[in-house]
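Structural overview
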Amino acid sequence: MATYEFRCPTDGVITLQLPLGEAPASITCPECTDSARRLFSIPQLRFGDPRARRLIAETTASASEPAVVSAPQGRRRTPRVRPSADPRTAMLPAP
Ligand SMILES: [Zn+2]
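A brief report on the enclosed structure follows. (Residues numbered from 1 in each chain as written. Predicted model: local features only at pLDDT ≥ 70, side-chain atom pairs only at ≥ 80, totals over all residues. Heavy atoms only, no water.)

Focus on the overall build of the protein
The helix and strand tally for the protein stands at 1 helix and 4 strands. Along its sequence from the N terminus, the protein presents helices and strands in the succession β-β-β-β-α. For the protein, the proportion of contacts with a sequence separation of at least 24, taken over those separated by at least 6, is 26%. (Helix = DSSP H or I, 4+ residues; strand = E, 2+ residues; numbered from the N terminus. Contact = heavy atoms within 4.5 Å.)

This is the structure we're talking about:
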């Protein structure tokens, strides 16, 4: 069985489950009995979550084409200067 789509000018898209290769060029709309022409569209495939697909694609690509990076990814850290409360330790290097 395959899902076929037909478009009725009045009621919009109608989906039908029919055996493969047995979809007619047009059907009678069950709502208004007008003629609904068959639509040619992408089969109803499920590719999953787009974020998961991108992660899988990037992981697969990194096995053979690793990206060249100049620094670790993520937030750039700036050195933080701690003001010292005690003036005697202000000149010491920060831990
Ligand atoms: Zn209709």
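Digging into the pattern of salt bridges
Counted by the stated rule, this structure contains 3 salt bridges. A salt bridge links arginine 88 to aspartate 86; the nearest nitrogen and oxygen atoms lie 3.1 Å apart. (Salt bridge = Lys/Arg side-chain N within 4 Å of Asp/Glu carboxyl O.)

Overview of the coordination of the zinc ion
Coordination sphere of the zinc ion, protein contribution only: Cys8 (SG), Asp11 (OD), Cys29 (SG) and Cys32 (SG), at 1.9 to 2.3 Å. In this structure, the zinc ion is coordinated by 4 donor atoms arranged in tetrahedral fashion, with angles at the metal of 99 to 122°. Counting gaps between the donor residues of the zinc ion yields the pattern C-x2-D-x17-C-x2-C. Assessed through its relative accessible area of 2%, cysteine 29 is described here as buried. The class for cysteine 32 is partly exposed, based on a relative accessible area of 28%. (Donors = N, O, S within 2.8 Å, 3.2 Å for Na, K, Ca; no water. Tetrahedral: all angles 85-135°; square planar, octahedral: opposite > 155°, others 65-115°. Buried < 20%, exposed > 50% of the residue type's maximum accessible area, 1.4 Å probe, protein only.)

Quick notes on the sheet that holds strand β3 (residues 26-28)
Pairing between sheet strands relies on hydrogen bonds along the backbone, with the strands arranged either parallel or antiparallel. The antiparallel open sheet is built from 4 strands, whose spatial order is β2-β1-β4-β3. Two strands lie at the open edges of the sheet, namely β2 (12-18) and β3, each paired on one side alone. Taking the axes of each pair of neighbouring strands and ignoring which way they run, one obtains an average angle of 35° across the sheet. Of the pairings in the sheet, the one linking strand β1 (residues 2-8) to β2 comprises 7 bridges and is antiparallel in character. (Pairing = 2+ DSSP bridges. Axes fitted to C-alpha atoms, helices over the stretch in contact; angles between N-to-C directions.)

Focus on the nonpolar core
One finds Ala2, Tyr4, Phe6, Cys8, Ile14, Leu18, Ala23, Ile27, Cys29 and Ala36 forming the largest nonpolar core, which totals 10 residues. For this core, the secondary-structure elements that each account for two or more residues are β1 and β2. Of the residues forming this core, the biggest block, 4 residues, is contributed by β1. Those residues within four positions of alanine 2 in sequence are excluded, and the remaining contacts are Leu16, Gln17, Leu18 and Leu20. (Core = buried A, V, L, I, M, F, W, Y, C linked by side-chain atoms within 4.5 Å.)

What about the pairing of β1?
Of all 7 residues making up β1, 5 are buried, and the element is well covered by its neighbours. From the end of β1 to the start of β2, which pair antiparallel, there are 3 residues. Judged from the 3 bridges that link them, β1 and strand β4 (residues 35-39) form a sheet pairing that is antiparallel. In the sheet register, arginine 7 faces β4, and the bridge partner there is arginine 37.

With respect to the environment of leucine 39
Summarising the element assignment, leucine 39 is placed in strand β4. Sequence separation between leucine 39 and glutamate 5 is 34 residues; the distance between their C-alpha atoms is 5.4 Å.

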